[in-house]
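Reading the structure
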Amino acid sequence: MFSIERLRILRELADRGTVAAVAEALSMTPSAVSQQLKVLAREAGVALLEPDGRRVRLTDAGQALVLRADDVLAAMERATAEMAHYRGSPRGQVRVASFPSGAALLLPPVLAALAGSGVELVAGDEDLPPSEASKLLADYDIVLTHRDERAPSMAGPRLSARVLMREPIDVVVAPDHPLAGRSSVRPEELAEETWVSVRGGFPVDDVLESIATVTGVRPRIAQRLNEFRVIETLVVSGYGVALMPRYAVAHPDLSVLQLAGVRAARVYELVTRPQAHRRPAIATVLDAFETAAREVTAR
């Protein structure tokens, strides 16, 4: 029989990468974490870890056991949720991580929908590239993330992902820019522009790379910032043009142009551990996000 707590420690190691990080998250000492992992290896009868420089990494057997640990811990969470159901659920606290512009768009209607439901949403703003968003499930129940619409879904053996919505990405220019007032623009017309963009790895930057592919010209990027309000201010002040998600545009003086000839959008996804939706409180939050997304895209 495997200890549930030791399986939890193994899963934390898979999520966080180091014994020190696991120890900090679980309020344990690194030596205590290492000892529990050694006991788990004896229970399994096979090596679960192997040296990786000054760290350790999971063996194939360790990775396989992490998948089973996901199943066991999810079953325990479902059992807890079922007992909560008999007490009049959905109730409880659900931790949600989200990127800032997505939170600004969807969090207010989600919180309004949850009012009086017995479910407490605890929000955290986490601005990570989509490729790293899954790491947040070590600390959160749900992660709202975004990706270029041509990128693959976040779903995998240890992740469940549901698509919420598609948000077009447009070009924004200053009110006195030669392109201002038009409804659309082709990539070829942007080849000589100076850009204010986001950091690499985010959907907006992926679209800028697509423009470079179409035009054959590397974009001249003057600034890279991940705060859209700052980007808007710089564009209005004449320091460049930018790509902006459509629902994030707020500055009244910006001229917004649709991109012609390029698939330009980001997709919102809600990422959880597999079977997490069976917890009534989590299912309630997921449903609230889906309703909010439908309302936004129907405007």
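What you see is a predicted model, and the numbers here were worked out from it, not measured in a lab.

Per the stated rule, a full pass over the model turns up one aromatic pair. With 5.3 Å between their ring centres and 65° between their planes, Phe99 and Tyr268 make a pair best called edge-to-face. You can see Phe99 sitting in the loop between β3 (92-98) and α5 (100-114) and its partner Tyr268 sitting in strand β12 (residues 265-272), a full 169 residues away along the chain. Grouping residues by exposure puts Phe99 and Tyr268 together as buried.

This part covers unusual backbone geometry. Although it is not a glycine, Ser27 sits at a positive phi angle of roughly 55°. Along the polypeptide, Ser27 turns up in the loop between α2 (19-26) and α3 (30-44). The exposure class of Ser27 is exposed, given its relative accessible area of 71%. In the Ramachandran plot, Gln275 falls in the positive-phi region, its phi being about 75° despite a non-glycine side chain. Relative to the assigned elements, Gln275 resides in the loop between β12 and α8 (280-297). Judged by relative accessible area, Gln275 falls into the partly exposed class, the value being 30%.

Each assigned domain of the chain is listed here: domain 1 (4-72), domain 2 (86-165 + 267-298) and domain 3 (166-265). Of note, the centres of domain 1 and domain 2, computed from C-alpha atoms alone, are 27 Å apart. In total, domain 1 and domain 2 occlude about 610 Å² of area from one another, counting both sides; carbon and sulfur atoms represent 39% of this. By the criterion of area lost to domain 2, the three top residues of domain 1 are Asp15, Arg16 and Asp70, representing 64% of everything that side buries. Here domain 1 and domain 2 share five salt bridges between them. Note that Arg273 is salt-bridged to Asp70, the shortest N-O span being 3.9 Å. Run the count over domain 1 and domain 2 and you get five residue pairs in polar contact (both at pLDDT 80 or more). The set of elements that each furnish at least two residues to the side of domain 1 that touches domain 2 consists of α1 (4-16) and α4 (60-86). With five residues, the single largest contributor to the side of domain 1 that touches domain 2 is α1. When grouped by side-chain class, the residues that make up the side of domain 1 that touches domain 2 number three nonpolar, no polar and five charged.

Procedures and definitions
Residues numbered from 1 in each chain as written. Predicted model: local features only at pLDDT ≥ 70, side-chain atom pairs only at ≥ 80, totals over all residues. Heavy atoms only, no water. Phe/Tyr/Trp six-rings, centres within 6.5 Å; stacked < 30°, edge-to-face > 60°. Helix = DSSP H or I, 4+ residues; strand = E, 2+ residues; numbered from the N terminus. Buried < 20%, exposed > 50% of the residue type's maximum accessible area, 1.4 Å probe, protein only. Domains from an automatic or database assignment. Buried area = accessible area lost by both parts, 1.4 Å probe. Salt bridge = Lys/Arg side-chain N within 4 Å of Asp/Glu carboxyl O. Polar contact = N/O pair within 3.5 Å; in protein donor to acceptor, adjacent residues only side chain to side chain. Nonpolar A, V, L, I, M, F, W, Y, C, P; charged D, E, K, R; others polar.

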